[in-house]
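So the chains spell out like this:
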Amino acid sequence: MVKAYQRYTPRTIFGVVASGNSNIIYDAAGKYAISPALEDISIWDLKKGELVGTWHDSDNKAEVTCIARSTDRDSYAVGYANGSIRIWSMKTSDVLVTFNGHRSAVTALAFDKSGSRLVSGSRDTDLIVWDVEGEVGLYRLRGHKDQVTSVRFLSRPSIVEGGKPTDGYVLSSSKDTLIKLWDLSTQHCMETLVAHRNEVWGCDVNADETMLVSGGGDPDIKVWKINASVLKTGLAVGEEAKEVGEEEEEHNALDEDGKLVNAIPKAITFYGSIPRQSKERVTTLEFHSSQQFLGCQASDKSIELFRIRSIDEIKKKMSRRKRRQREKAQQLLKKGDTEGAAAEEAAIGEEGIQATDEITPWHIIRTGAKLRSFDFAPVKDVEKVGHVQLVTSLNNNTVEVWTVPHPNAAKNEEVADEPNKAYTLELAGHRSDIRTVALSSDDELLCSASNNSLKIWNVKTTACIRTMECGYALCCAFLPGNRHVIVGTKSGHLELFDLGSSSMIESIEAHDGAIWSLQIRPDRRGLVTGSADKEVRFWDFDMVEEEVGSTIKKRLSLVHMRTLKMSDDVLCVRYSPDQKMVAVSLLDATVKVFYHDTLKFFLSLYGHKLPVLSMDISSDSNLLVTCSADKNVKLWGLDFGDCHKSMFAHQESVMAVQFVWNTHYFFTASKDRTVKYWDGDKFENILKLEGHHGEVWALAVGTYGNIVVSASHDRSLRIWQKTEDQVFLEEEREQELDDLYEATLTASFEKNGMVDNGEGNIGAPSTSNGDELASAGKQTLDTLKSGERIMEALELADQEIDAWKAYNAAVARGERGLSKPQRSPLLISMRQTPEQHVWNELQRVRPAELDEALLVLPFAAVTSLLNWLDVFVQREYNINLVCRVLFFLIKSHHNQIVANRIMRPMLDSVRRNLRAGLQKQKDVIGFNVAALNYIRRDYEANNTSEFFDEEALRKEEEKKQDSEKKRKFLKM
C-alpha cells in the first residue's frame, strides 16, 4: 500500500509592521495607514496602534512593491514583484480586478483624477495604461531604457470652456536620467527632459498642475513650470497646428548668432533648483494636498519639508530684497564706487521670481533608522487642524507618525515650533533579523529573539504579549513550567527572564565566546550550553534566596556543574531523549558523541565538507540528523555511528533541523528561503513549504508536530499547520514537474520580443524597431488555459451542430431507420445547448485576459467563433462583450479574413445584425436618458421655491414711480 502523509499549510504570518520593498500610504480619511507586509497588505489604526485588517490573496506569493490610493476613497492599487497589479476594495477587503502585463516588479502606480484609469511603471522599463472600470489594459508605452521610478497623470485643459478634459498626459521619470511627457491621445512621447546627471528617483506634480518637482542623486531638487496653453493643444495637426503656428510666431526670436530660439514652445520649462541638506539621493518627493508644503525624503534618516509661499509673501520678499539692494547701491555711491552702484541698480530691474523665492526650506524630520517612504495625511484645511501630519515607514520594521506645527500655529508661543513624533508602531515586530525561536511545551506560547529584543507571542491570536530587552540572542528555550525563558547571547551571557514580571532576573557570564546552542536536559532539571570558546558546560536549576526590601524571596537560578573541553568551536549541542548521550558538533565539520554520565568519548561522525550548523536526535534515540553549510542533510545511526543516508537537501546552507516527536519525520530550514519536510526512514522529501522572502534562520516544531514555526531574515514569523489533507509522494513529484514546466513555459512567453542588449541583460525589451506603442497584455498560464477552454467549447459545439445537420440532411433525402445523434454527455450534465456552452466559456474569461486568450485560437477556431458571434448578436446576448471579441478578432486576423472571400456573406450577416442590435441599444439608452432628465426637471420644479424680498421690491417700485414723475413724455 502507498504510504500517505499529512499536509502542512500556511496558517498565519505575523511580526511584520512594514516591509522594506514598498511605500506606505494613508487611507482616504487619514485615520489608517496602509502598509506592505511582504505579500500581504496590513491596515493599521495609527492612534490605537492596532492591526484592523489584512488584505491576503491566497493565489499570490509575490512581495508587494508599490501602493497607490484612488480618488474614489475605496479602491487601492497594489503592485507586486511578479509584475501583477491588484485593485483592492477597502470596504470588502477583496480583490476587485487583477491586471497582468509587466514582466518584472511594478515600481510606480498612479490613478487619474476620475479614478477610472491607472498607469503603472515597472522594472521592465515599460509604462502601461489600464482601464479600471473596463478591467482591461489599454496600451503599453515604451521609451525608457531603465526602471521607471515614478508616474503621474496630467489632465489636458479643456479647449472649450466647460468642456470635458480629453485623454490627457502621463509624466514618467526613470533611472535612465530622463523625464518623459506622454500624450495619451496620440500614445507617443511628446517631450523628454534632460536635466539630471544621475538617475531620477522621484517626481511629483502639484494639485493645480502648474509645477513639477524632480529629484535624484543631485544635491538639489529641480523645479519645472508646466505650460497649460501648450498642453491644451498637444501635438496639434491640421487646422489646429496652423492656429498654434500663428501663436508660435510671436515666440520665435533670433539670438545674436541669427539662430532661431524657442521655435516650439515647451510644455515643461526649467524654473530653478532648490538646494537640499542631505547628501544622499532622493527617494520620495510629494506635494501636500493643501499645496502649501513639499516633502523630500532622502535615502538616509531625514525628510526635508519645504514651504510654498503664496503670491503676497513672494511680493513682500521681493520688495524687501529690492529695498536692501537700493540701500547697498546708496552706500556704494557714498564710498565713491559708481560702477558697483550702477551694477546694483541694474540688478534691481532685472530680477524676477525665482524657484527659491517660491519654495523655501522649513523643517527637517530626523528618524532613528533609515527611511523607506513617507506620505502626507490627506487633509486640505491644514490651518484649521493646526499641524501637518505625515506617516513614515522605516527600514527596521517600524511605522512612525510625525506632526509639524503649521507656520501660523507656530507663531503662538505655547506651541513648540519643532517636528514631533506622535505615534510609533513597533511592538508588533522585531527591529532586526529573528535569530532564534522556541515553543512552550503546550504550544501556547512562542518566544522569538533578535539583537536587543526578546518577544513572547500568543500562538492562537499571534498577539505580542511581552517585549523585553536582551543581548544579541543566538539561542533560546522555555524552562520547565513555561514561566521562564533562557537566552544565550553573542557576548557569552546566559540571560534568564521571568515572563510574569517581564524582566531579566539574572545574567550569567557563562562563556568567553558566543553561545551558539543550548538545550534543556530531558529530565528537566538542568541544561547544556555550547560555545565558541571550545567548551560545553552543564548547568543545574537551583532556587536561590535573595532579599527584596525586608522580605527574603526565592528565585530560579543556574549552577555550573561540569565542563567538557573540545578541540574546536562548538556550534550545536543535543541530548538524546533517553539522556544517555550528548552529541556535539564542531567547527571542524565533525560531530562527536559522548556518554552523558561519564562524558566518555563514544563516536566521531565525519562526512560533511563544511561545519554542521544544527542537529537533532529522534525521540527513540536511534537516529541523529545533521544539517550543514554544505547544503546536505545526513542521517546517522547512534548504535554504530554509520551514515544511513546523505541527501542534497537545499540550494543554500541548511540552518536548522528538527524531528517531529515520536516519528522519524523531520523539518529543515535553509537560506534558500524554504522549509522542507522529510521522511527519515524512506529518505524522501515529502513537502516543500515556500513563502519566506528572506533566509530562514530558525525553526521550531510543536510538541506533537501539529504546528511548525519558522523565522526569517524578512522579519516575519510563519506558522504552518498540520491538516487532514493527505499527501502522496508520487502526486507531489508530478505536481513539482508540472510547476517546473509551467515556470519554463511562462519564461518562454516573456522572452518573446526580448533581446540581449549586449550586456547580458535579456530582461530589457527590444527597442531596435523603435515602436513606442505595444499591447498591454501578457501571455500567462491563465490566458493559455482560457484560450484552450474556448477552443474545446467551439470543437464540442461544432461537432454537435454538424451531427444534427447531417441527420437533418439524411431525413430530407428520405433515408429511413436513422437514429438521432447522441448528445454530448458534458452538455447534458450542464443542461446547456451548444451555443450556451460557447457563450458561458467566453463569459468565464476575465476581461483583463480576454485579448490574450483569443490570441491562442488558431484561424480555424476563429472562423467558427465568428459564426457563433452572429448567433449571439441575433439572440441579443451581452452586446459589449460580443463587440469586443468581434473587433479584436477582425483586427488580429485581418489579412487572412480579407484574403478569404468565403467569409464575406457571414461577415455581412454579422454587420447587419450587429447594427440592428446596436441601434436597439442606442434607442433604449436614449429613452432612459430622456426619462431621467424628465424626472430631474420634475423634481427641481417641485422642490425649488423662489425667495422674494418684499422690502427691496417695494423700494424698486418707488424708484420707478419717482423717475416717471421727473420725466413726462408728451405727444405732439
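Residues numbered from 1 in each chain as written. Predicted model: local features only at pLDDT ≥ 70, side-chain atom pairs only at ≥ 80, totals over all residues. Heavy atoms only, no water.

As annotated in an unreviewed UniProt entry, the protein is Small-subunit processome Utp12 domain-containing protein from Linnemannia gamsii. Quoted verbatim from the Sequence similarities (unreviewed entry) field of UniProt, the annotation for the protein is "Belongs to the WD repeat WDR3/UTP12 family." (UniProt positions renumbered as here; feature names shortened; annotations may be inferred.)

## Concerning the overall build of the protein
Within the protein, the regular secondary structure consists of 17 helices and 57 strands. Along the three orthogonal principal directions, the C-alpha set of the protein runs to about 145 × 125 × 70 Å. Sorting the 972 residues of the protein into buried and exposed places 49% on the buried side. Restricting to contacts in the protein with at least 6 residues of sequence separation, those with at least 24 account for 51%. Looking at the protein as shown, the accessible area adds up to about 49,900 Å², and 49% of this sits on carbon and sulfur atoms. For the protein, the separation between the mean place of its 122 positive charges and that of its 143 negative charges on side chains is 2 Å. (Helix = DSSP H or I, 4+ residues; strand = E, 2+ residues; numbered from the N terminus. Buried < 20%, exposed > 50% of the residue type's maximum accessible area, 1.4 Å probe, protein only. Contact = heavy atoms within 4.5 Å. Areas by Shrake-Rupley, 256 points an atom, 1.4 Å probe, with all protein chains shown as cover. Lys, Arg positive; Asp, Glu negative; His and termini not counted. Charge placed at Lys NZ, Arg CZ, Asp CG, Glu CD.)

## So, the sheet that holds strand E30 (residues 398-405)
Taken in spatial order, the four strands line up as E28-E29-E30-E31 in an open sheet, and their pairing is antiparallel. The outermost strands of the open sheet, each flanked by one partner alone, are strand E28 (371-376) and strand E31 (420-425). The sheet shows a mean angle of 25 degrees between the axes of neighbouring strands, taken without regard to direction. As judged from the eight bridges shared by strand E29 (residues 387-394) and E30, these two strands associate in the antiparallel manner. Within E30, the residue paired with Val388 across the bridge is Val404. (Pairing = 2+ DSSP bridges. Axes fitted to C-alpha atoms, helices over the stretch in contact; angles between N-to-C directions.)

## A few points about the UniProt feature "domain: Small-subunit processome Utp12" (unreviewed entry) in the protein
Residues given the UniProt feature "domain: Small-subunit processome Utp12" (unreviewed entry) here are residues 834-936. End-to-end, the C-alpha atoms of residues 834-936 are 45 Å apart, and along that stretch the chain is 84% helix and 0% strand.

## Considering unusual backbone geometry
Residues apart from glycine generally show negative phi values, whereas peptide bonds are mostly found in trans. Positive phi is not limited to glycine here, since Asn662 has a value of about 70 degrees. Relative to the helices and strands, Asn662 is located in the loop between strand E50 (654-659) and strand E51 (665-670).

## Details of a negative patch on the surface
Negative charge collects at one region of the surface, where Glu730, Glu731, Glu734, Asp738 and Asp739 lie side by side. On the secondary structure map, Asp739 appears in helix H8 (residues 729-751). (Patch = residues over 30% accessible without salt bridge, like charges linked within 9 Å, V, L, I, M, F, W, Y side chains within 5 Å. Salt bridge = Lys/Arg side-chain N within 4 Å of Asp/Glu carboxyl O.)

## A closer look at helix H16 (residues 904-943)
Over its 40 residues, H16 extends 58 Å from the first C-alpha to the last, a length consistent with the 58 Å expected when each residue adds 1.5 Å. Burial in H16 covers these residues: Met906, Ser909, Val910, Leu914 and Gly917. For H16, the secondary structure elements touched by its buried residues are helix H13 (859-875) and helix H14 (879-892). (Expected span 1.5 Å × (residues − 1).)

## Notes on the side chain of Ser116
By secondary structure assignment, the location of Ser116 is in the loop between strand E10 (106-111) and strand E11 (117-122). Separated by 2.8 Å, the side chains of Ser116 and Ser114 make a polar contact. Contacts of Ser116, omitting those with residues within four sequence positions, involve Trp130, Asp131, Val132 and Glu133. (Polar contact = N/O pair within 3.5 Å; in protein donor to acceptor, adjacent residues only side chain to side chain.)

## A few points about the pattern of salt bridges
According to the stated counting rule, one finds 39 salt bridges in the structure shown. Close ionic contact of Asp183 with Arg156 constitutes a salt bridge, the shortest N to O distance being 3.0 Å. With Asp183 in strand E16 (residues 178-183) and Arg156 in the loop between strand E14 (148-154) and strand E15 (169-174), this pair connects stretches of sequence that are 27 residues apart. Assigned by exposure class, Asp183 and Arg156 land together as buried. A salt bridge links Glu535 to Arg537; its shortest N-O distance comes to 2.9 Å. Connected via shared salt-bridge partners are Arg7, Asp725 and Glu732.

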